[in-house]
Amino acid sequence: MFYRLSGTYHTSYQADRKLWKIPTDRWLVIGLLILALLAPLYVSPLYLGSYVLPWVIWSAAALSLTLLMGLAGQLHFGFAAVMAIGAYASIHLVRAGIPFEIALLLSGLISAVIGAVFGGAALRVKGLYLVMATLAMQYLVDWVVVNVPAISGGAHATLRTPEVSFLFLPIESLASRYWLALGWAVLLTVFFMNVKRTSFGRALVAIRDKDFAAAVIGVDPFRTKLMAFFTSSFMGGVTGAILAFCFYRAVTPEQFGFNVSIQLVAMVLVGGLGSVIGSWLGAGFVLLAPIFLTNLVSGLAASGWVPVSQNFLSHLPLMIYGAMIIGFLLLEPLGLAKIYDNIRKYFLVWPFRHARS
Amino acid sequence: MTFLRKLALTTALVAGLSAPVAAEDVKFGLLQDFTAVYTFVTGQYNQGQQDYLALVNAEGTLGDGNTVTAIVRDTGNQPQRGIEAYNRAKEEGAILFDFLSTPVSAAILDQAQADKNVVITPAHGRGDASDGTVFPYVFPMLPTYWAQAAALIEHMKETGGLEGKKIAIVHIDSPFGREPGPILEALSKQEGFEFQAFPYASPGNEQSAAWSEVRRYRPDYVLIWGAGGGQAVSVRTAIQNGIRPEQIHSVIWLAETDAANVGPQMKGVKRFEATASGTDHPIIQRIQEKVIDAGKGSGDQANVGNSYYNLGVATMAVAVEAARLGLEEGQPLTGETLKAGFEKIAGFDAEGLMPPVTYTAEDHQGGGAGRVSEWDGEKWVPVSEWKASYPELIRQVIEESAAKYAAEH
């Protein structure tokens with residue numbers, strides 16, 4: 001009833017290949033996009049700057065990682081390092097006088113090249129062994145950033161981002177930073193949905209499912225795996241630059257540490273591997289749930305509900321958060337995306353019980 | 001009805017007149033890391049801060065019925081959570097912030113300066129923020145790591161001389177661990193000693209490789225520069241490698257907990273301290289009497305008087321003194337008047353808990369005085385007087401670094 005199917009016929013291949021075949025889905029996406037675009041008008045600076053903006057950027061990061069982990073099946077536990085390369089490269093390029101737009105692309109390219117070099121390990125090892133190889137990348141990049149003052153910015157290892165403008169729009173106000181980040185996240189989302197329908201996307205899926213079977217049907221594993229690392233690292237690198245310029249505006253090595261890599265993997269897994277909506281939901285959950293819980297618990301404590309020490313108070317949200325992750329994954333191992341899908345399928349045929357698909 | 005309304009109006013008017021200035025609730029944002037990296041210090045430090053603020057409210061230190069409230073949140077050492085907590089506390093009216101986390105402080109520094117909110121960075125953050133001309137709203141407040149290194153070196157000079165001696169600096173491999181580098185570099189030329197750095201990987205649970213190198217180097221003195229669990233490992237591994245406890249000199253991050261973890265071997269180890277430890281101080285005793293015994297303490301009573309607890313008390317003592325002086329300018333207290341209040345503080349020593357500090361528009365470090373104390377098996381015993389070591393050199397390093405920062409923007 002809600003996702004009305006009656007009267008929706010596809011009479012051409014083109015119509016059948018639409019991204020959103022059901023009108024409700026289409027209207028939902030358009031509505032959300034308009035809401036997102038107008039967010040600076042109706043969301044308070046506190047929520048725009050501390051919730052929506054980081055959510056949008058981390059969704060872009062989760063999309064970049066899920067291309068590699070979800071579509072191509074290559075585990076990557078050092079993705080924060082890829083973003084670090086992008087962030088540091090973009091700042092140094094802008095400082096060297098290169099326009100921001102070009103610096104963004106170049107920083108993506110630099111991340112892509114370095115990411116693909118480490119991705120070379122994927123040509124020989126798989127699964128847990130690949131995790132080790134990408135962890136090595138994380139620690140190597142961390143080490144280089146910390147130990148080369150020319151990169152990290154000297155004694156205190158803090159680099160402020162210079163003032164820039166993007167296509168003549170100065171990236172200074174909160175709204176402009178938000179729109180730039182949103183534009184990049186939307187671009188990645190559209191790219192991701194379309195890449196699944198290209199020969200490259202199908203080759204990635206074939207590699208994920210069985211690489212030598214893919215080789216038998218004519219997919220070159222060498223090329224495809226490297227391309228997967230290259231594409232994903234490019235996306236991650238630009239996202240890192242966006243993160244630096246639009247959100248942190250001062251980068252330190254700790255912002256791209258190992259724990260951030262793990263957070264990114266958690267976003268992808270909790271959201272649902274290889275899913276667009278899962279990347280958005282997973283990023284939102286992993287990023288914002290601890291903040292919401294911390295404020296909730298502090299609010300309860302202030303009203304005298306939980307009379308406990310500050311130490312316990314600080315750990316309580318983490319316990320709830322951990323329990324929630326376990327709960328969600330027990331309830332639906334395929335992630336938040338699958339939970340959304342179940343709800344949608346239920347309403348697709350509501351008030352009846354069974355769908356055809 | 002009309003009479004009643006009149007009566008109500010008059011009462012309201014009289015009430016309004018009799019209290020010409022409404023009592024103000026000054027808000028401090030203590031948005032710290034309770035759950036990730038700084039857990040070794042935050043619990044006790046924050047407990048000291050909250051207990052001291054409770055004492056201030058109980059004693060009415062701020063006058064005119066003014067009170068001070070702490071907004072306490074966990075940031076997990078994550079910059080994005082720190083930014084959220086900062087923005088929220090700012091909306092709730094906080095004008096002073098203490099993040100006790102280098103990455104979070106770094107991410108918020110510029111924003112806080114633009115918002116004209118005071119950020120205190122005691123024992124963390126950028127040392128060059130001591131230059132108030134470049135960082136008008138940041139107060140490192142206590143001796144920077146540079147001043148700490150200088151104090152330890154001066155203590156070595158006074159106890160055994162430096163000419164021709166060898167100093168090993170064993171540090172965590174991070175920007176924090178490398179902070180003493182420039183000071184050692186400058187002082188080695190001036191005082192004629194040689195030094196070598198031995199980094200170990202973060203978080204420092206395993207340091208045997210670094211220390212076997214140190215053993216080969218045969219140093220006369222050892223500086224250990226780490227924090228948290230790694231510090232006890234440093235002391236233990238040093239002693240295993242034939243270093244005598246008396247040779248070991250530590251940065252401020254070595255406390256009672258570490259001594260308990262090391263055990264009896266710890267006797268003789270020295271550290272820098274910015275505030276006195278123990279309960280034998282007027283402020284701590286009043287906290288015990290009016291806050292802890294009154295059941296208003298914010299944590300485990302056994303922590304009262306610990307090094308980090310007293311450090312927290314001292315930071316808030318200075319901040320409240322600044323608020324008191326700032327309120328003299330008139331109400332309401334804002335970030336700007338609070339900053340002015342800080343810069344009026346002269347010779348304040350928190351009733352002997354810390355060395356006298358004086359902040360000026362140029363010097364936000366407060367002079368950089370500290371002392372060295374030694375673990376006697378039960379407690380930290382001071383072995384030097386409160387003083388600032390090599391202040392000209394420290395000031396020069398601060399100004400050079402701050403100028404570089406200013407030039408970049």
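Being a predicted model, the structure only gives us computed values, none of them experimental.

Engineer: Explanation requested: the overall build of chain A in the structure shown.
Structural biologist: Looking only at helices and strands, one finds 16 helices and four strands in chain A. Here chain A has a C-alpha radius of gyration of 21 Å; the compact-globule value for 357 residues is 21 Å, and the two agree. A principal-axis box enclosing the C-alpha atoms of chain A has dimensions of 65 × 65 × 45 Å. Scored against the burial criterion, the 357 residues of chain A give a buried share of 50%.

Engineer: Sorry if this is basic, but what is going on with the sheet that holds strand β12 (residues 380–382) of chain B here?
Structural biologist: In any sheet, the strands associate via hydrogen bonds between backbone groups, in a parallel or an antiparallel arrangement. Residue and element names in this part refer to chain B. With respect to topology, seven strands assemble into an open sheet ordered β7-β6-β8-β9-β10-β11-β12, the strand pairing being mixed. Looking along the sheet, the strands with just one partner apiece sit at the ends: β7 (194–200) and β12. Across the sheet, the axes of successive neighbouring strands diverge by a mean angle of 30°, strand direction being ignored. In this sheet, strand β9 (residues 248–250) lies alongside strand β8 (residues 221–225) in parallel orientation, the contact comprising three bridges. In the strand pairing of β9, Ile 224 is matched with Ser 250.

Engineer: Explain empty space enclosed by the protein to me, please; I cannot follow it from the model alone.
Structural biologist: With a probe scaled to a water molecule rolled over the atoms, the places where space remains empty come into view. Residue and element names in this part refer to chain B. Counted according to the given criterion, the structure contains eight cavities of 30 Å³ or more. Considered as a void within the structure, the largest cavity measures approximately 70 Å³ in volume. Forming the boundary of the largest cavity are 13 residues, of which Thr 121, His 124, Gly 125, Thr 144 and Tyr 145 lie nearest the centre. Of the residues in the lining of the largest cavity, the class split is five nonpolar, six polar and two charged. Contributing to the lining of the second largest cavity are Ile 252, Arg 271, Phe 272, Glu 273, Ala 274, Thr 275, Ser 307, Tyr 308 and Leu 311. Mapped onto the lining of the second largest cavity, the elements with two or more residues apiece are β10 (270–273) and α11 (307–327).

Engineer: I tried to follow the domain arrangement of chain B on my own but got confused; where do I start?
Structural biologist: Note: interface size is frequently given as the accessible area lost on complex formation between the parts. Residues and elements named next belong to chain B. Each domain of chain B was delimited in the assignment, giving domain 1 (25–143 + 277–359) and domain 2 (146–273). A separation of 29 Å is found between the C-alpha centroids of domain 1 and domain 2. Buried area between domain 1 and domain 2, both sides added, is near 1100 Å², and the carbon and sulfur share of it is 61%. For domain 1, the biggest contributors to the area lost against domain 2 are Phe 40, Pro 143 and Tyr 308; these three give 43% of the whole. Our enumeration of links across domain 1 and domain 2 arrives at zero salt bridges. At the junction of domain 1 and domain 2, the tally comes to four residue pairs in polar contact (both at pLDDT 80 or more). Sorting the residues of the side of domain 1 that touches domain 2 by element identifies α2 (39–59) and α11 as the ones contributing at least two each. Split into classes, the residues belonging to the side of domain 1 that touches domain 2 amount to six nonpolar, six polar and one charged.

Engineer: Help me understand the packing of aromatic side chains, please; the structure alone is not making it clear to me.
Structural biologist: By convention here, two paired aromatic rings are described through the distance between centres and the angle between planes. Per the counting criterion, the structure on display carries 26 aromatic pairs over all chains. Aromatic pair A:Trp55 and A:Trp280: ring centres 6.4 Å apart, planes at 75°, arrangement edge-to-face. Highlighted residues: A:Trp55 in helix α4 (residues 45–71) and A:Trp280 in helix α14 (residues 276–302), separated in sequence by 225 residues. Ring geometry for B:Tyr145 against B:Trp225: centres 6.2 Å apart, planes inclined by 70°, an arrangement best described as edge-to-face. Of the two residues, B:Tyr145 sits in helix α5 (residues 145–160) while B:Trp225 sits in strand β8, which places them 80 residues apart along the sequence. Relative accessible area serves as the criterion here: at 0%, B:Trp225 is assigned to the buried category. Feature note: the residues A:Tyr47, A:Tyr51 and A:Phe292 constitute an aromatic cluster, connected by ring pairs.

Engineer: Please clarify how unusual backbone geometry should be interpreted in this entry.
Structural biologist: If a residue is not glycine, its phi is most likely negative; likewise, a peptide bond is most likely trans. Residue and element names in this part refer to chain B. The omega torsion of the bond from Ser 202 to Pro 203 falls at 0°, within 30 degrees of zero and hence cis. Within the secondary structure, Pro 203 sits in the loop between β7 and α7 (208–217). With an omega dihedral of -10°, the bond running from Gln 331 to Pro 332 counts as a cis peptide bond. With respect to the element layout, Pro 332 can be found in the loop between α11 and α12 (335–344). Residue Ala 123 is not a glycine yet carries a positive backbone phi of 55°. Mapped onto the elements of the fold, Ala 123 is located in the loop between β4 (118–120) and β5 (138–139).

Engineer: Please explain the nonpolar core as it appears in this structure.
Structural biologist: One recurring pattern in soluble globular proteins: nonpolar side chains tend to sit buried together. Residues and elements named next belong to chain B. The biggest cluster of nonpolar side chains holds 110 residues, and the ones touching the most others in it are Phe 28, Tyr 52, Trp 253 and Phe 342. Sorting elements by how many residues they give to this core places α11 first, with 14 residues. There are two domains that each give this core at least three residues, and those are domain 1 (25–143 + 277–359) and domain 2 (146–273). Discounting residues that sit within four places of it in the chain, Phe 342 has contacts with Leu 96, Val 118, Ile 120, Phe 139, Met 141, Val 318, Ala 319, Ala 322 and Tyr 359.

Engineer: How do you make sense of the environment of A:Leu316 when you look at a structure like this?
Structural biologist: As for its position among the elements, A:Leu316 is in helix α15 (residues 310–331). Expressed as a C-alpha distance, the spacing of A:Leu316 and A:Ser298, which sit 18 residues apart in the sequence, is 9.9 Å.

Engineer: Help me out: how do you make sense of the interface of chain B and chain A in this one?
Structural biologist: Opposite the 37 residues of chain B that make contact, chain A presents 35 residues. A buried area of about 3200 Å², summed over both sides, lies between chain B and chain A, and 53% of it is on carbon and sulfur atoms. Where chain B meets chain A, there are one salt bridge. Among the ionic pairs, A:Arg160 bridges to B:Asp110, the shortest N-O distance being 2.3 Å. Linking chain B with chain A are 13 residue pairs in polar contact (both at pLDDT 80 or more). Contributing elements (two or more residues each) for the side of chain B that touches chain A: α2, β2 (67–74), α3 (79–91), α4 (102–115) and α13 (391–407) of chain B. Per element, the largest residue contribution to the side of chain B that touches chain A is eight residues, and it comes from α3(B). Among the residues making up the side of chain B that touches chain A, the classes are represented as ten nonpolar, 13 polar and 14 charged.

Engineer: What is the right way to read the environment of B:Thr67 from this model?
Structural biologist: Residues and elements named next belong to chain B. Mapped onto the elements of the fold, Thr 67 is located in strand β2. Residues Thr 67 and Lys 290 lie 223 residues apart in sequence; the distance between their C-alpha atoms is 16 Å. Other than its neighbours up to four places away in sequence, Thr 67 contacts Glu 24, Asp 25, Val 26, Asn 57 and Leu 62. Of note is the side chain of Thr 67, whose polar atom sits 2.9 Å from the side chain of Asp 25.

Engineer: Which parts of the structure should I look at to understand the side chain of A:Thr224?
Structural biologist: Residue and element names in this part refer to chain A. Relative to the helices and strands, Thr 224 resides in helix α12 (residues 221–248). A polar contact of 2.6 Å, which involves the side chain of Thr 224, links it to the backbone oxygen of Asp 220. Beyond its immediate sequence surroundings of up to four residues, Thr 224 is in contact with Phe 200, Ala 203, Leu 204, Ile 207 and Val 219.

The rules we used
- Residues numbered from 1 in each chain as written.
- Chains lettered and ligands numbered in written order.
- Predicted model: local features only at pLDDT ≥ 70, side-chain atom pairs only at ≥ 80, totals over all residues.
- Heavy atoms only, no water.
- Helix = DSSP H or I, 4+ residues; strand = E, 2+ residues; numbered from the N terminus.
- Rg over C-alpha atoms; globule rule 2.2 N^0.38 Å.
- Buried < 20%, exposed > 50% of the residue type's maximum accessible area, 1.4 Å probe, protein only.
- Pairing = 2+ DSSP bridges.
- Axes fitted to C-alpha atoms, helices over the stretch in contact; angles between N-to-C directions.
- 1 Å grid on protein atoms, 1.4 Å probe; cavity = no way out; pocket = protein on both sides within 12 Å on 5 of 7 lines; lining within 4 Å.
- Points joined across faces, edges and corners; volume = space filled by probe spheres on them.
- Nonpolar A, V, L, I, M, F, W, Y, C, P; charged D, E, K, R; others polar.
- Domains from an automatic or database assignment.
- Buried area = accessible area lost by both parts, 1.4 Å probe.
- Salt bridge = Lys/Arg side-chain N within 4 Å of Asp/Glu carboxyl O.
- Polar contact = N/O pair within 3.5 Å; in protein donor to acceptor, adjacent residues only side chain to side chain.
- Phe/Tyr/Trp six-rings, centres within 6.5 Å; stacked < 30°, edge-to-face > 60°.
- Core = buried A, V, L, I, M, F, W, Y, C linked by side-chain atoms within 4.5 Å.
- Contact = heavy atoms within 4.5 Å.

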